[in-house]
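If you want the building blocks of each chain, they are given just below.
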Amino acid sequence: MRMRFRHLRRDERGMTFVFVGVGFMAFMAATTLAIDVGMFMTARSQAQNAADAGAHAGAVALVFNSYDDRSASGPAVQSALSAAGANKVIHADVSVTPADVTFPNGPGGVNNRVKATVYRTTDRNNAVPTLIGPLFGVPIVNIMATATAEAVPANAATCIK
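Keep in mind that what you see is a predicted model, and the values were worked out from it rather than measured.

**Q** Which residues make up the overall build of the protein chain, and what values do they have?
**A** Tallying secondary structure elements over the protein chain gives three helices and seven strands in all. The buried share among the 161 residues of the protein chain stands at 30%. Long-range pairs, those at least 24 residues apart, make up 59% of the contacts in the protein chain between residues at least 6 apart in sequence.

Right, here's the structure in full:
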C-alpha cells in the first residue's frame, strides 16, 4: 500500500487545479468581505442621516411649536422621533425612543439644543446582519449615530458647521 502512493509525492499533475481553487476561494472571501464593509459604511451613513433629520426636526419644532415643552409627548420630541423614524438603515427601521431625544445645554449654558440618537443594535433587536461575517464569528453588527442641532436666532450663530 505504501508503494502505491509514493509516486504521488513527486507527481505535479493537477496542482494547477489546487492553486486555482485556493486562489478562487481567497478572491471570493476578499470580495464578500469588501461587500460587508461597504454595507456597514452605508448603514452608518444612513443612520447618521436619520439622526441628523431627527435633531433638525426637533430644533425646528422647538422654534416654531413650543420652545418650553421638552416632554416626551411635546412637539420637539415627537418631531424628532417622526423624522428619524422615517429614515431606513439597510432597508429596516431604526430604533429611536423618546429617551433617545435629549436637550443638552449649549456652550453658553443655554438649553437650546436637541440631540437625537438612533440605533440598529442587538439590544434593540434590529442589528445589521452580515454576509461573510458568520464565517468569522460575526453574524451581526451594531450601528448607532448621534446628531445635535441648535436653535438660535438666524443672525446670532457664531459657528456653523
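**Q** Which residues make up the pairing of strand β4 (residues 113-120), and what are the values?
**A** By the criterion of burial, β4 is predominantly enclosed, with six of the eight residues buried. Pairing of strand β3 (residues 101-102) with β4 involves two bridges; the strand directions are antiparallel. Opposite V101, over in β4, you have A116 as the bridge partner. Where β4 meets strand β7 (residues 143-150), eight bridges bridge the pair, whose relative direction is antiparallel. Within β7, the position partnered with R113 by the bridge is E150.

**Q** Could you give an account of the environment of L62, with specific residues and numbers?
**A** Looking at where L62 falls in the secondary structure, it is placed in helix α2 (residues 15-64). Under the relative-accessibility criterion, L62 is labelled buried at 0%. As a C-alpha pair, L62 and P75 span 13 residues in sequence and 7.4 Å in three-dimensional space. Setting aside residues up to four positions removed in sequence, L62 forms contacts with Y67, R70, A76, F103 and V114.

**Q** Which residues make up the sheet that holds β4, and what are the values?
**A** Hydrogen bonds along the backbone pair up the strands of a sheet, which may run parallel or antiparallel. Pairing is antiparallel across the open sheet formed by three strands, whose spatial order is β3-β4-β7. The open sheet terminates on both sides in strands that have one partner only, identified here as β3 and β7. Sheet strands touched by α2: β4 and β7. Its angle to β7, the strand with the most contacts, is close to 30°.

**Q** Which residues make up the environment of D36, and what values go with them?
**A** Examined against the element boundaries, D36 turns out to sit in helix α2. Its relative accessible area of 2% is what places D36 among the buried residues. Dropping the residues within four chain positions of it, D36 is found in contact with T130, L131, I132 and G133. Here L131 takes part through its backbone nitrogen, which lies 2.7 Å from a polar atom of the side chain of D36.

**Q** Got a sec to walk through a nonpolar patch on the surface? Specific residues and values, please.
**A** Nonpolar side chains collect at one region of the surface, where L33, V37, M41, L135, F136 and V138 lie side by side and expose about 620 Å² of accessible area between them. Within the fold, F136 resides in the loop between β5 (128-129) and β6 (140-141). Residue classification places F136 among the exposed positions, given a relative accessible area of 58%.

**Q** Help me get a handle on the nonpolar core, residues and values and all.
**A** Counting residues in each nonpolar core, the largest one holds 27 residues, and the members touching the most others are A47, V101, F103, V114, V118 and I143. Broken down by secondary-structure element, the contributors of at least two residues to this core are α2, α3 (75-85), β4 and β7. Look past the residues within four positions of V114 in its chain and what remains in contact with it is A55, G58, A59, L62, V101, T102, F103, A147, T148 and A149.

The rules we used
Residues numbered from 1 in each chain as written. Predicted model: local features only at pLDDT ≥ 70, side-chain atom pairs only at ≥ 80, totals over all residues. Heavy atoms only, no water. Helix = DSSP H or I, 4+ residues; strand = E, 2+ residues; numbered from the N terminus. Buried < 20%, exposed > 50% of the residue type's maximum accessible area, 1.4 Å probe, protein only. Contact = heavy atoms within 4.5 Å. Pairing = 2+ DSSP bridges. Axes fitted to C-alpha atoms, helices over the stretch in contact; angles between N-to-C directions. Polar contact = N/O pair within 3.5 Å; in protein donor to acceptor, adjacent residues only side chain to side chain. Patch = residues over 30% accessible without salt bridge, like charges linked within 9 Å, V, L, I, M, F, W, Y side chains within 5 Å. Areas by Shrake-Rupley, 256 points an atom, 1.4 Å probe, with all protein chains shown as cover. Salt bridge = Lys/Arg side-chain N within 4 Å of Asp/Glu carboxyl O. Core = buried A, V, L, I, M, F, W, Y, C linked by side-chain atoms within 4.5 Å.

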